[in-house]
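# Structure at a glance
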Amino acid sequence: MCCCSRLVDKVEEEEEEQLNEMGGCVTFTGGGGGEGSKGDKSNSSLMVLSQAKMILWMTRGMTTLLLWICVVQLLTVGEVWGPRLLKTWPSCYTHPQTDIRSSSLIEPRILLPPKRTYKNNGYLMVSCNGGLNQMRGAICDMVAVARYLNVTLIVPELDKSSFWADPSDFEDIFDVDHFIKSLRDEVRILKELPPRLKRRVDLGKFHSLAPISWSDITYYHHQILPLIRRYKVVHLNRTDARLANNGLPLEIQKLRCRVNFSGLKFTSQIEELGKKVVKILRKNGPFLVLHLRYEMDMLAFSGCTQGCNGDEVEELTRMRYAYPWWKEKEIDSDIKRKEGLCPMTPEETALILRALRIDRGIQIYIAAGEIYGGDRRMASLAAEFPNLVRKEMLLDPLELGFFQNHSSQMAALDYFVSLESDIFVPTYDGNMARVVEGHRRYLGFKKTIRFDRKILIDLIDRYSEGSMSWDEFSNTVKEVHADRMGQPMRRVMISDRPKEEEYFYANPYECLDL
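Scope of this entry: the structure provided in the associated data block. Values in this document were obtained by computation on a predicted structure and should not be read as measured data. (Residues numbered from 1 in each chain as written. Predicted model: local features only at pLDDT ≥ 70, side-chain atom pairs only at ≥ 80, totals over all residues. Heavy atoms only, no water.)

## Side note on the overall build of the protein
Stated formally: Counting from the N terminus, the helices are DSSP H or I runs at least four residues long and the strands are E runs at least two residues long. Burial status follows relative accessibility: with a 1.4 Å probe on protein chains alone, a residue under 20% of its type maximum counts as buried, one over 50% as exposed, and anything between as partly exposed. For the area figures, the Shrake-Rupley method with a 1.4 Å probe applies, and any residue is considered shielded solely by the protein chains shown.
The secondary structure content of the protein amounts to 22 helices and nine strands. Relative to its full complement of 514 residues, the protein shows a buried share of 46%. When the accessible area of the protein is evaluated, it comes to approximately 27,300 Å², of which 55% is carbon and sulfur surface.

Pasting the structure below:
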């Protein structure tokens with residue numbers, strides 16, 4: 001109502017000015033003369049003044065009444081036009097301390113897709129496992145499964161018991177409301193089960209299982225749907241890589257992309273901090289993100305100990321045996337390295353980036369946790385590329401404090417910066433490397449250098465032994481990676497070996513403009 005009151009105030013001010021003008025005219029119309037004359041003129045003036053005041057007060061009353069009638073009419077038009085029209089009066093909603101320039105900007109309305117109506121076959125609960133990007137792929141798969149089975153999906157539960165022991169929930173990393181609303185034309189998603197069904201689950205009246213890896217969508221139709229119809233609630237655990245890469249209907253593949261590239265939006269806190277990091281980096285020119293997968297857990301799990309001293313090898317071995325779900329225990333590091341199954345060391349990475357003629361002055365953002373071996377292992381890379389930066393160097397400790405001890409949220413920040421980089425270079429084919437590569441393809445085939453580690457290790461050893469000159473080594477490295485820069489290409493399919501074929505989220509060509 002503030003706009004209306006301001007209009008009334010303005011009318012009152014104009015009336016007061018008119019009254020003053022009229023009063024002034026009446027008061028000073030008299031001239032010289034006798035006392036009778038002065039009295040008559042004075043009485044006449046008072047009468048005129050009284051009439052003028054009466055007219056103005058009546059005008060004021062009528063104006064106010066008309067304005068309120070207009071407002072009431074606007075409010076009774078309905079929910080659609082009334083609020084919209086009033087919102088176009090910014091001053092009515094402007095906080096006293098708000099800048100007038102910013103208050104005149106009206107945020108565009110987010111158009112939600114229409115809700116999809118379907119006969120609900122039951123409810124699907126999902127528990128994801130692994131790191132952030134392993135869970136990300138699982139979430140996309142489970143949305144597709146829920147859509148295909150015509151069931152209601154409960155917001156997925158994230159892994160809190162893995163090596164990283166991250167207590168983050170879905171809403172701590174992803175915008176849960178956006179996730180639900182943006183996909184509502186495909187599948188109904190709820191934050192939790194309805195009370196009646198929640199009581200059933202508390203009483204154990206539901207079915208839980210781990211679906212078979214790399215399954216076709218028909219597996220879920222023939223094996224999972226009957227369970228949902230029988231129990232009303234089914235819980236799927238260990239959901240990573242449970243949907244095949246290939247051989248699925250096109251609409252399922254496109255839905256997986258839609259969830260990944262549109263439905264899964266990071267929280268505003270993560271996005272704002274990511275934008276700040278990118279802005280700082282951009283001030284100094286182009287930057288490369290190096291996903292240097294050389295943390296302690298990775299080395300212990302893989303058994304790769306190239307360049308480690310005796311104490312470090314022993315420490316990594318103890319750690320591997322401490323986790324019973326890491327099945328491989330006795331590992332020959334040298335053999336595994338020659339097969340290209342080890343992450344590149346910082347020293348090897350420096351050599352390859354130099355061979356690829358990466359500008360020595362480029363900023364290199366290290367997207368990783370603590371590098372095993374610290375400064376000693378990073379010395380070669382820092383000497384070759386002195387502009388190494390980490391998020392801890394670019395942000396105030398207080399800004400990162402919120403994400404401390406939340407590895408998935410830290411990984412989300414690195415993911416955001418990786419998408420924005422001029423060049424993305426992963427040193428190992430982990431989940432983050434593959435999912436970021438696919439996302440960058442979706443964003444316009446942004447440059448991603450994917451190392452062919454088996455060939456590179458052979459070239460590095462030959463160069464180190466002196467059997468290959470630097471020019472020959474550099475030219476061969478560039479030649480090997482000419483078609484490994486994130487450009488458009490079909491996904492590699494190996495029908496009888498799904499684990500070895502190219503990962504769907506690394507190259508979702510069904511969703512790309514090839």
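## Looking at the packing of aromatic side chains
The criterion, for reference: Any Phe, Tyr or Trp ring, taking Trp's six-membered ring, that has another such ring centre within 6.5 Å forms a pair; planes under 30 degrees apart are called stacked, those over 60 apart edge-to-face, and the others tilted. Throughout this description, the term charge over a ring refers to an Arg CZ or Lys NZ atom that lies within 6 Å of the ring centre and within 35 degrees of the ring normal.
Applying the stated criterion across every chain yields a total of 15 aromatic pairs. Judged by centre distance (5.4 Å) and plane angle (70°), the rings of Y323 and W325 are edge-to-face. Their ring planes at 90° and their centres at 5.4 Å tell us that F402 and F403 sit as a pair that is edge-to-face. Take F403: its relative accessible area is 2%, and that puts it in the buried class. Through successive ring pairs, a cluster of aromatic residues spans F170, F174, F179, F266 and Y415. The aromatic ring of Y321 is capped on one face by K329, whose charged end is 5.7 Å from the ring centroid. The ring centre of Y503 lies 4.3 Å from the NZ or CZ of R434, which sits over that ring.

## Topic: helix α22 (residues 470-480)
We apply this condition: Note that the arc is defined by the directions from the helix axis to the C-beta atoms. Note on definitions: a residue-residue contact is assigned when non-hydrogen atoms from the two residues lie within 4.5 Å.
Buried residues of α22: W470, F473, S474, V477 and V480, and no others. Along α22, the residues classed as buried sweep out an arc of 135° about the axis, all on the same side. On its buried face, α22 sits against α15 (346-355) and α21 (453-465).

## A short note on unusual backbone geometry
The phi torsion at R357 lies on the positive side, around 65°, for a residue other than glycine. Mapping R357 onto the fold places it in the loop between α15 and β7 (363-366). Judged by its relative accessible area of 45%, R357 is partly exposed. Despite not being glycine, N405 shows a phi value in the positive range, around 65°.

## Things to note about the pattern of salt bridges
Operational definition: We count a salt bridge whenever a side-chain nitrogen from Lys or Arg sits within 4 Å of a carboxyl oxygen from Asp or Glu.
For the structure on display, the rule yields 30 salt bridges. Between R258 and E186 there is a salt bridge; the shortest N-O distance is 3.6 Å. Of this pair, R258 sits in helix α10 (residues 250-263) while E186 sits in the loop between α7 (176-182) and β3 (189-190), and the two are 72 residues apart along the sequence. E186 sits in the buried class, given a relative accessible area of 18%. The partner of K275 in a salt bridge is E272, and the shortest N-O contact between them spans 3.9 Å. On the criterion of helical spacing, the pair formed by K275 and E272 is a turn pair, its members being three residues apart in helix α11 (residues 268-282).

## A short note on empty space enclosed by the protein
Using the following cut-off: Think of a 1 Å grid over just the protein atoms. A cavity is a set of points where a 1.4 Å probe fits yet cannot get out, a pocket is an open set with protein on both sides within 12 Å along at least five of seven lines, and lining residues have an atom within 4 Å of a point. Grid points are joined across faces, edges and corners, and a volume is the space filled by probe spheres set on the points.
Under the defined criterion, the tally for this structure stands at one cavity of 30 Å³ or more. The calculated volume of the largest cavity comes to roughly 60 Å³. Lining the largest cavity are Y294, L299, C304, T305, Q306, R337, C342, P343, M344, T345, E348 and I457.

## Some words on the nonpolar core
Our working definition: Side-chain atoms within 4.5 Å link the members of a nonpolar core, which is a set of buried Ala, Val, Leu, Ile, Met, Phe, Trp, Tyr and Cys residues.
Ranked by internal contacts, the top residues of the largest apolar core, which has 78 residues, are L124, F170, F179, Y220 and Y365. For this core, the element with the most residues is helix α5 (residues 132-149), which contributes eleven residues. If sequence neighbours within four positions are ignored, F170 has contacts with I139, V155, P156, L158, V176, F179 and L264. Counting residues in each nonpolar core, the second largest holds 40 residues, with L290, A350, I358 and W470 among its members.

## What to know about the packing of α5 against helix α20 (residues 431-442)
Just so we agree on the cut-off: Here an angle of 0 to 180 degrees is reported between the N-to-C directions of two axes, which are lines fitted to C-alpha atoms, with helices fitted over the stretch in contact. Angles below 35 degrees are treated as roughly parallel, those above 145 as roughly antiparallel, those between 65 and 115 as roughly perpendicular, and all remaining angles as oblique. Handedness of a crossing follows from how the near helix is turned relative to the far one, being left-handed for an anticlockwise turn of less than a right angle and right-handed for a clockwise one. Under this grouping Gly is polar, as are all residues other than the nonpolar Ala, Val, Leu, Ile, Met, Phe, Trp, Tyr, Cys and Pro and the charged Asp, Glu, Lys and Arg.
Relative to each other, α5 and α20 sit at 55°, their axes nearing to 7 Å. Relative to α20, α5 is oriented oblique. Seen from above, α5 lies across α20 with left-handed handedness. Residue-level inspection shows N133, Q134 and R136 of α5 in contact with α20, the latter providing N431, M432, V435 and H439. Considering only residue class, the contact of α5 with α20 consists of two nonpolar, four polar and one charged.

## Here we look at the layout of surface pockets
Roughly 430 Å³ of internal volume is contained in the second largest pocket. M125, I154, V155, E157 and K191 are the residues nearest the centre of the second largest pocket, which is lined by 20 residues in total. For the lining of the second largest pocket, the elements supplying multiple residues, two or more each, are β1 (123-127), α6 (170-173) and α8 (195-202).

## Quick word on the sheet that holds strand β8 (residues 388-389)
Convention followed: Only when DSSP finds a minimum of two bridges between them are two strands counted as paired.
One open sheet holds the four strands; their spatial order is β8-β7-β6-β9, and the pairing between them is parallel. Looking along the sheet, the strands with just one partner apiece sit at the ends: β8 and β9 (423-426). Along the sheet face, helix α19 (residues 407-420) touches β6 (287-291), β7 and β9 and points at about 135° away from the line of β6.

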